[in-house]
Every structure is written in structure tokens, then in C-alpha cells.
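Observations on chain architecture
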Amino acid sequence: MIELEGVPELIDPVMVAAFEGWNDAGDAASTAVAHLEREWKGEVFAALDAEDYYDFQVNRPTVFMDGGVRKITWPTTRLSVVRVGGEKPRDLVLVRGIEPSMRWRSFCNELLGFAHELGVELVVILGALLGDTPHTRPVPVSGVTSDPDLAQRMDLEETKYEGPTGIVGVLQEACTHAGVPAVSLWAAVPHYVSQPPNPKATLALLNRLEDLLDLRIPQGELPEDARAWQVGVDQLAAEDSEVAEYVQTLEEARDTAELPEASGEAIAREFERYLRRRDVSPPGGHATADGGDGSYLRDNPGGRNRPPKPPRPGASGPAEGSTEGPAEGSSGGSPGGSPEGFSEGGDEDTPDD
């Protein structure tokens, strides 16, 4: 049963959701929603019953001490609300949790019940997956929807993906059947450095969300963390000639594929975004295909928090059902070595639902 006592009347509410697990490579998506909660001081108003959706042998509860009292935190999905100020204030309903172990349709129906009661006008689901993309280039972020009208109105791709899906795809389809406009934003994480965190991918998702919703998101320490991550991976790649050669191959493939985008219109859009994020010009416009700023790449001498060493090229990806990353099911990859939402062969422009 859904109870929303204590939640004020919301202004133009948008639901933004992310789930740890299969759809969260590098923890990029769940970290993005956590960043929004932290920067805008979100207040949790509801939590789903963990007993209904989670296998505790897969996602185990944790024990902690609170003032000398022993307590347990159960793995679940929580909802919080934040108000974004400015000339046109609006509210975001933030959903952050773990991909459920069971009863996915009931899980989605319960979330949609909250959306209906709160008057949510749009659902945006964040995801991240493993792709053949070099860490030295802006992170590709694709926006997709199942709604042809919404795709045209918001400059999105209409999904054509077929294959295994996660809770992101299931929730988006549930929204479509319920008549709730829904969008998925997917960031591609380099498969050879997939361990979390990946602040560069998190920042790219937030930049794309900023453009989609026409609002300004405080970046906090993310740009500095992204620079440090970039330098750390550069250093590790330089220490292994095979990895360095492989990265160079990915760079050449990416640059060749994006040559048509090096047009005056694309450059103008990127410059418009640069000005907008610094309050030099009024908001507006759309994100470029890569979804990233690019101004923070490569040239930071103070690298820190070096990530684990990337595997040698040619190493096989995680097997179906494996968990790469945190023990709580944050695999971030897709079965068979081909990340969901991106076709094999490094085509980062064919997202899933």
C-alpha cells in the first residue's frame, strides 16, 4: 500500500531512477542519483518492502552500530524528493536502489503507483553499460525512448533493441504501457576499466540529464574526480604497451566514426552548452551525441585514486550472471560480452530500451 503522508504538493515533478546491478557499469548511474540527493539534500519519504523483491543471499543486509545499538540496513529501493530552484522551480522524485531479484512487474507497478500519486509527468531512467569506447574520449551517452512522439519532441532515439534486458528496460516498457512518458539515458563505460567508481561516466550522465530537463545541476567535486580518474587510467595504460596499443585502436575507430559530427553545427551546440553551464547564456539547446563536456580531459597533473589495472585486450568479459564490481550485484555488463544497448563491434549509438 502506498502512503505519501508528509510529501508536499510537487511542482512539475520528474522521476529520475537508477538501480545498482546489471545496468550500472562502474556504478555510474546509481552514483549520479546519489549525487543529486547529496547536492540538493533529498529527503527520503518512502521505501519498498525488501521482503517482496530481494533475495538476501544475493543482496545481503548489512549490520552497523548506531549509538551503541546494533541495527540492520536491508537492501531495497528508496524514494526521495528534491526541489530545484531558479526562475522555474520544479521537483525531482529520485529513485535509487538495487535491481530486484524477483517480481519485477510488481516492482514496476509499485513505482508507477508512486509516480501516479505524485503527479509525475516524465520518468527518466539512468543506466551504464560496458562498451568498446576509449577512456580518453568523451563518454558516449544515448537517450532512448519507446515513444515515437517523445523521441521527436525531445531529440531522442526510438529504441530498436532486441535481446536480454534489465530492470531499466522493463521499467521503461511499464511506463509506456501505463501512458507515462519515459526516457532512458545510457552511458558507455570502457570495458577494459570497468571497476567502479567512474566519475567521468557519472558526470556525462548528469550533463545529459541537465540538457534533457533544461536545468542546472551542481557538479560539486565530480569534474576534479573525473580528471583524476582520467590521469590514473592514462598512467596505467602507459605502463602496458598492449593496453596502450589497444586504446589507440579504439581512439582511431571512435574518431573516424565521429568525423561527420565535426561540423559547425555540432561545435556550436557544444559551445552553447559550455556557456550555459557557466551562466553566461540562458538555458536551452540539446546535448551532443557524446554527452560529455570534454574540457576536463587529460591534462591534470594531480591525478589520484588510481583505478585497478585494466585487463589485457582480448580478455573475455564477465559471464552471464557474474558480478563484476561490488558484491551487492553491481555487474554493469551484459551477458555474452556484448553490453546491452550497444551492438557488438563498438557501435555506441544503438541503445536499448
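The structure we're discussing is the one just above.
Residues numbered from 1 in each chain as written. Predicted model: local features only at pLDDT ≥ 70, side-chain atom pairs only at ≥ 80, totals over all residues. Heavy atoms only, no water.

Quick word on the overall build of the chain
Each helix and strand in the chain was counted, giving 9 helices and 10 strands. Here the chain, with 353 residues, has 51% of them falling under the buried criterion. Considering only intrachain contacts with a sequence separation of at least 6, the fraction spanning at least 24 residues in the chain is 78%. Summed over its atoms, the accessible surface of the chain is roughly 16,800 Å², and 49% of this surface lies on carbon and sulfur atoms. (Helix = DSSP H or I, 4+ residues; strand = E, 2+ residues; numbered from the N terminus. Buried < 20%, exposed > 50% of the residue type's maximum accessible area, 1.4 Å probe, protein only. Contact = heavy atoms within 4.5 Å. Areas by Shrake-Rupley, 256 points an atom, 1.4 Å probe, with all protein chains shown as cover.)

Here's the deal with the pairing of strand 3 (residues 62-66)
The pairing of strand 3 with strand 4 (residues 69-73) spans 5 bridges and is classified as antiparallel. Residue pairing for strand 4: Asp66 is matched across the bridge by Val69. Counting the residues in the hairpin turn of strand 3 and strand 4 gives 2 residues, including Gly67, whose phi is positive at 60°. (Pairing = 2+ DSSP bridges.)

Considerations on the packing of aromatic side chains
Enumeration over the complete set of coordinates arrives at 5 aromatic pairs. Aromatic side chains Phe45 and Phe114 sit 6.4 Å apart centroid to centroid with 70° between the ring planes, which places their arrangement in the edge-to-face category. Taken together, the residues Phe45 in strand 2 (residues 43-47) and Phe114 in helix 3 (residues 104-118) connect sequence positions 69 residues apart. Linked through ring pairs, Phe19, Tyr53 and Phe107 together constitute an aromatic cluster. (Phe/Tyr/Trp six-rings, centres within 6.5 Å; stacked < 30°, edge-to-face > 60°.)

Comments concerning unusual backbone geometry
Cis rather than trans, the peptide bond between Pro196 and Pro197 has omega equal to 0°. Phi at Asp27 is positive, roughly 55°, even though this residue is not glycine. Residue position: Asp27 is located in the loop between strand 1 (14-20) and helix 1 (28-39). If you check the backbone angles, Asp155 has positive phi at about 60° while not being a glycine. Mapped onto the elements, Asp155 comes out in the loop between helix 4 (148-153) and strand 9 (157-158). By relative accessible area, which is 48% here, Asp155 ends up partly exposed.

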